[in-house]
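# What the coordinates show
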Amino acid sequence: MGHSCFKLKGKKASVVIDPYHKESVGFGLPKLSADIVLSSHDHEDHNNVAAVKGTARRKEPFVIKEPGEYEIEGVSIFGYQTYHDEVEGEERGENVVFRVQLDGVNLVHLGDLGQMLTKKMIGEFGNVDVMMVPVGGVYTIDAERAWKLANEIGAEIIIPMHYRTEKHNQEIFGKMAGLDEFLKVYGGEVRRVEEKLTVSPLSLTGEGREVVVFE
């Protein structure tokens with residue numbers, strides 16, 4: 001959905017992660033509905049939970065902003081406290097990394113992660129199928145650390161996020177790196193999809209690393 005916002009749609013439930021305010025990011029959020037909304041931290045480019053409407057299953061989405069373990073509509077969600085910087089939150093505060101288990105797929109969204117993760121936390125993730133990782137630097141880890149972390153986590157599908165585009169508010173995000181910096185570090189073939197990526201346990205091979213970019 002742009003920036004760091006994604007919608008995960010399973011057979012019985014849907015999840016929106018890190019919806020943003022137009023005033024902060026520079027472009028508008030599409031109309032969204034979901035059973036569950038996750039917000040990694042309380043900055044305006046990640047916390048527009050009020051913009052996400054409910055569904056036929058839930059009149060209002062269940063909102064999660066804190067670390068912990070949750071089970072909603074058959075979706076298992078695990079939140080891990082991390083930091084938005086390398087000095088234990090003194091500069092930019094805390095950040096929640098979310099792991100979502102949906103229809104047999106294990107996904108990790110790193111939010112605005114500003115530090116490398118411990119081996120203990122990575123071990124708690126288990127076998128990660130899909131990870132969304134910030135790559136733009138300045139406010140988060142940069143391209144090189146993002147790729148290093150992707151290899152440490154071992155996700156089969158890696159989706160870069162939180163990088164500069166021409167549509168972004170340049171006053172706020174103009175110093176971030178663009179996507180090309182991360183792709184240069186990766187150095188492999190990239191699969192590009194338009195609006196949707198379909199993933200299931202049967203489509204996952206358990207081998208290698210693949211970078212997927214949304215157009």
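Our subject is the structure that appears above.
Residues numbered from 1 in each chain as written. Predicted model: local features only at pLDDT ≥ 70, side-chain atom pairs only at ≥ 80, totals over all residues. Heavy atoms only, no water.

### Considering the side chain of Ser-24
Structurally, Ser-24 can be placed in helix α1 (residues 22–25). In this structure, Ser-24 is in contact with Glu-44, Asp-45, Asn-169, Ile-172 and Phe-173, ignoring residues within four places of it in sequence. (Helix = DSSP H or I, 4+ residues; strand = E, 2+ residues; numbered from the N terminus. Contact = heavy atoms within 4.5 Å.)

### A closer look at helix α5 (residues 179–186)
Helical geometry note: an α-helix holds 3.6 residues per turn, so side chains three or four residues apart project in the same direction. Leu-179, Phe-182, Leu-183 and Tyr-186 are the residues of α5 that are buried. Relative to the axis of α5, the buried residues are bounded by an arc of 100 degrees and lie together on one face. Of the exposed residues in α5, the ones pointing more than 90 degrees away from its buried face are Asp-180 and Lys-184. On its buried face, α5 is in contact with α3 (143–153), β12 (157–161), β13 (190–193) and β14 (210–214). A positive backbone phi angle near 75 degrees is found at Gly-187, which sits one or two residues after α5. (Buried < 20%, exposed > 50% of the residue type's maximum accessible area, 1.4 Å probe, protein only. Arc of directions from axis to C-beta.)

### Looking at the environment of His-43
Inspection of the secondary structure assignment puts His-43 in the loop between β4 (36–38) and β5 (52–53). Put simply, His-43 and Val-96 are 53 residues apart on the chain and 12 Å apart in space, counted from C-alpha to C-alpha.

### Things to note about unusual backbone geometry
Phi at Asp-103 is positive, roughly 50 degrees, even though this residue is not glycine. Within the element layout of this structure, Asp-103 appears in the loop between β9 (94–102) and β10 (105–109). By relative accessible area, which is 39% here, Asp-103 ends up partly exposed. Phi angles above zero are rare outside glycine, and Val-138 is one such case at about 65 degrees. Looking at where Val-138 falls in the secondary structure, it is placed in the loop between β11 (130–134) and α3.

### Thoughts on α3
All of the buried residues along α3 are Ala-143, Ala-146, Trp-147, Leu-149, Ala-150 and Ile-153. Projection of α3 onto a plane perpendicular to its axis shows the buried side chains occupying an angular sector of 160 degrees, all on one side. Residues of α3 that are exposed and point over 90 degrees away from its buried face: Glu-144 and Lys-148. Each element contacted by the buried residues of α3 is listed here: α2 (119–125), β11, β12, α5 and β14.

### A few points about the sheet that holds β4
The 4 strands lie next to each other as β1-β2-β4-β6, forming an open sheet whose pairing is mixed. At either margin of the open sheet sits one strand with a lone partner, and together these are β1 (6–9) and β6 (62–64). Each neighbouring strand pair of the sheet contributes to a mean axis angle of 20 degrees, computed without reference to strand direction. Pairing between strand β2 (residues 14–17) and β4: 3 bridges, direction parallel. (Pairing = 2+ DSSP bridges. Axes fitted to C-alpha atoms, helices over the stretch in contact; angles between N-to-C directions.)

### Some thoughts on the pairing of β2
Judged by which residues are buried, β2 turns out to be covered on both faces: Ser-14 and Val-16 on one side and Val-15 and Ile-17 on the other are all buried. Of the pairings in the sheet, the one linking β1 to β2 comprises 4 bridges and is antiparallel in character. The partner of Leu-8 across the bridge, within β2, is Val-15. Where β1 hands over to β2, the hairpin turn is made up of 4 residues, counted between the paired strands.

### Re the pairing of β9
Most of β9 is tucked away: 7 of the 9 residues are buried. Direction of pairing for strand β8 (residues 75–83) relative to β9: antiparallel, over a ladder of 8 bridges. Pairing of Tyr-80 across the sheet is with Val-97, part of β9. Note: β9 against β10, 5 bridges, orientation antiparallel.

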